[in-house]
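# Tertiary structure, described
Listed here are the chains, written in short residue letters.
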There are 2 protein chains.
Amino acid sequence: MVDLEFIRSLIQPADTKIVFLILDGLGGLPADSNGSTELEAAETPNLDNLAARGICGLHVPVAAGITPGSGPAHLGLFGYDPLKYQVGRGVLSALGIGFDLRSNDVAARGNFCTVDKDGVVTDRRAGRIASEKNRELCALLREIELPEVQLFVETVKEYRFLLVLRGDGLSGDIADTDPLQVGRKPLEPRALSAEADQTVQLVDRFVEQAREVLPEQQPANMVLLRGFSKRPDWPLMKEVFGLRAAVLAHYPMYRGVARLVGMEVLDSGETLGDQFAALREHWNDYDFFFVHVKRMDSAGEDGDFRRKAELIEEVDPWVPVLMHLHPDVVVVTGDHSTPSQLKYHSWHPVPVLLWSEHCRTDGVKKFGERACMAGGLGPRLPAVDLMPIALTNALRLVKFGA
Amino acid sequence: MVDLEFIRSLIQPADTKIVFLILDGLGGLPADSNGSTELEAAETPNLDNLAARGICGLHVPVAAGITPGSGPAHLGLFGYDPLKYQVGRGVLSALGIGFDLRSNDVAARGNFCTVDKDGVVTDRRAGRIASEKNRELCALLREIELPEVQLFVETVKEYRFLLVLRGDGLSGDIADTDPLQVGRKPLEPRALSAEADQTVQLVDRFVEQAREVLPEQQPANMVLLRGFSKRPDWPLMKEVFGLRAAVLAHYPMYRGVARLVGMEVLDSGETLGDQFAALREHWNDYDFFFVHVKRMDSAGEDGDFRRKAELIEEVDPWVPVLMHLHPDVVVVTGDHSTPSQLKYHSWHPVPVLLWSEHCRTDGVKKFGERACMAGGLGPRLPAVDLMPIALTNALRLVKFGA
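Every chain begins its residue count from 1, and numbering advances along the sequence as written. Each chain takes a letter, starting from A, and each ligand takes a number, starting from 1, following the order in which they are written. Local features are withheld for residues below a pLDDT of 70 in this predicted model, meaning they are given only at 70 or higher, and side-chain atom pairs are given and counted only at 80 or more; totals for whole chains, interfaces and linings count all residues.

### Remarks on the domain arrangement of chain A
Residue and element names in this part refer to chain A. In plain terms, the rule: The source of the domain bounds is an automatic or database domain assignment. Contact between two residues is assigned whenever their backbone-derived C-beta positions fall within 7 Å. Where helices and strands are cited, they refer to DSSP runs of H or I of at least four residues and of E of at least two residues respectively, numbered from the N terminus. For this classification, Asp, Glu, Lys and Arg are treated as charged, while Ala, Val, Leu, Ile, Met, Phe, Trp, Tyr, Cys and Pro are nonpolar and the rest, including Gly, are polar.
Parsing chain A into structural domains produces domain 1 (4-86 + 233-393) and domain 2 (91-229). A straight line from the C-alpha centre of domain 1 to that of domain 2 covers 35 Å. Listed per partner, the contact involves five residues of domain 1 and five residues of domain 2. A per-element tally of the side of domain 1 that touches domain 2 places helix H9 (residues 252-260) first, with four residues. Classifying every residue of the side of domain 1 that touches domain 2 gives three nonpolar, two polar and no charged.

### Description of the relation of the copies chain A and chain B
How we decide: When the copies are overlaid, the least-squares fit takes in C-alpha atoms only where the residue has pLDDT of at least 70 in both copies.
Under the fitted operation, chain A is carried onto chain B by 0.1 Å of movement along the axis and a turn of 124°, and the coordinates agree to an RMSD of 0.2 Å. One copy is carried onto the other by what is essentially a three-fold rotation axis. Both copies present different contact surfaces, since only 10% of the interface residues of chain A are interface residues in chain B too.

### Considering the sheet that holds strand S12 (residues 350-356) of chain B
Residues and elements named next belong to chain B. The criterion, for reference: Following DSSP output, two strands are said to pair if at least two bridges run between them. Axes here refer to lines fitted to C-alpha atoms; in helices the fit is confined to the stretch in contact. Angles between the N-to-C directions go from 0 to 180 degrees.
The eight strands lie next to each other as S9-S8-S10-S1-S11-S12-S2-S13, forming an open sheet whose pairing is mixed. If you trace the sheet from one side to the other, it starts and ends with strand S9 (264-265) and strand S13 (378-382), each paired once. Here helix H15 (residues 386-393) sits on the sheet and contacts strand S1 (18-23), strand S2 (55-60), strand S11 (329-333) and S12; the angle it forms with S12, its principal contact strand, is near 15°.

### Some thoughts on the sheet that holds strand S8 (residues 245-249) of chain A
Residue and element names in this part refer to chain A. One open sheet holds the eight strands; their spatial order is S9-S8-S10-S1-S11-S12-S2-S13, and the pairing between them is mixed. Either end of the sheet is taken by a strand with one partner, and the two such strands are strand S9 (264-265) and strand S13 (378-382). In this structure, S8 lies alongside strand S10 (residues 288-293), joined through five bridges in parallel fashion. When the sheet's bridge partners are listed, Leu248 is paired in S10 with Val291.

### Some words on unusual backbone geometry
Residues and elements named next belong to chain A. Here the bond from Gln218 into Pro219 is cis, since omega is 0°, no more than 30 degrees from zero. By the secondary structure assignment, Pro219 is in the loop between helix H7 (197-213) and strand S7 (222-229). The backbone phi angle of Glu158 is positive, close to 50°, even though this residue is not glycine. Along the chain, Glu158 falls in the loop between strand S5 (150-157) and strand S6 (160-166).

As structure tokens, this is what we get:
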């Protein structure tokens, strides 16, 4: 892995197009000890054909043994080392619900929790209240007034909400108030640097008023706040890779992460058909397209092996539609594995295929975990290496040194 | 990858010999989508036999997706991280023409260019003038006199020349005068650190006098200078690897890069036969030999698939000649790929085989790109790891830790 500044120093303009087709949670595990993974069980003649004409492997999203969240996993695919380019939990919560976070906003992730009469936390998730109840509580908290800043309180899901302060001179250098265990009181908001002193006073005032507003709302009678953060100011894909980049994603989280690296958000409708129609419509306007397909991840989290395989099969016929646009480089992979056996994101390396006119083909004839292990990209390619490999196959990098 | 100091801490003396046989631009691509690469198409029974008795793989010269120049590519093979050990363009130009650069010299790469009557650059390469014309112009520039330093102006090729200042207290911390685009004037020489103030005055004087000398020489009526640099002062192979090292190369660039890491230059005549005769002659005098074969790279740059394959075939009979000398470790690889399909250096990983009595053989029976993908060195070995692996197979590294 090399840093973004090094890649930037080698960029040359080109009239080539790169498409990353990301099947969320693609990697899997066999349903039984001799069986196939979800991807291997799926009938994917078009992906198999592309694999045979391309170069395959498995990528490691963050580092050996690390199970990534969606944010870090996608940043790696975009060529941003997820260990270096870290996003605060508050910002990720904002991205996840499509909140239009501005550059000076400070965001935090909130939990509704339960405290006893002494103020000691007895349930950090307030009995996992329903999202409907959460919306009522957020409406109450939204009434809180803070001097000189605008306050946003938005429902995320169940016991989780988003807090955003908007104003001048705010800082995200504030420690979590969540004690992370029951039997302790919520921690006082505390500045982690001098420039957060003013913001801490505002947060403190918010927490105090929440404490006054919520007591009637058992079990959700208090709030805990984590991951205070501002929208990061990172180098954008246009600057470091010379790419006009766009995202076609149905879920706000993925659009949000893509926006952090400077991708433009295109309307991708509701279906795969809508996404590929939008891709064709905007084909001439961008150099790089991130096409995100979510649903196989959800099937994996539901533990539904067959459904996950079927959803992969549904993507397969769109591959020739994509190739018909004459892209120069196509990468098909997942952001991470979500084996239905585990019902959760996992650390397992993720199948990846890269096709270009200039790739060196290997002997892989089928797009699946075991076949990809023998591919030319190797069984453990760092995900962050994919973008330089895609750029170079698109003839967008000059030679390093004479 | 570990750093040179760590390797140095583990070195033990040994009476073993290592040979790196480097076939320049060895890696390739198939001529058609179902075919073989140049190396795969070549008949190489001796290399195949050595591959079967050794361990194979593909190496990544610099980093994923990066196409290396000859300098960085060879430094990686010698165990020097090319991202850390960077050579200035001026120094590389000097190495390329075999100029005997001394440790206090400052070198720059020059372009003859065309400027209009206002001094604005209209062609950065002066219409790619012939090398013969270049020699005339260099003779003119050599007449320039600078106080207290010696001036060298040497033809490289076409519009390119080498400028060297020799004297005391010179610094290479000077910004390029090449504006890198037409429609702008050449930039003034500018010091990048205080210690370059005096050198900048000399460069400024050189440029001013060149401006006076050249106007009659349309289209080459001005000069642009890039990559001011001094010969780097790196740890040498004797110090860090304990190796008395020698180079057998027909081209000055490779002898020059080898000298940067402390190799001694041996007379290697004109032919492969001369090179291997010199190898035998000096066999007892050194521990490490870098044998460089250039011509398959040139065939690749010419886009001549068949010729590149034939040139690889010409090397093959010399493998048993080499083995007859009883080396302890032999590495056969390229510095980078030069697929005849692309007619240029490329980013594709490079086939590598390592043979020693102590290597762990894999199942690879043929020395070629696709076969090597399944080899024990893996499909993406960092080039810089080859030297420690060679050293340890030569029993020259002690155990790390108790």
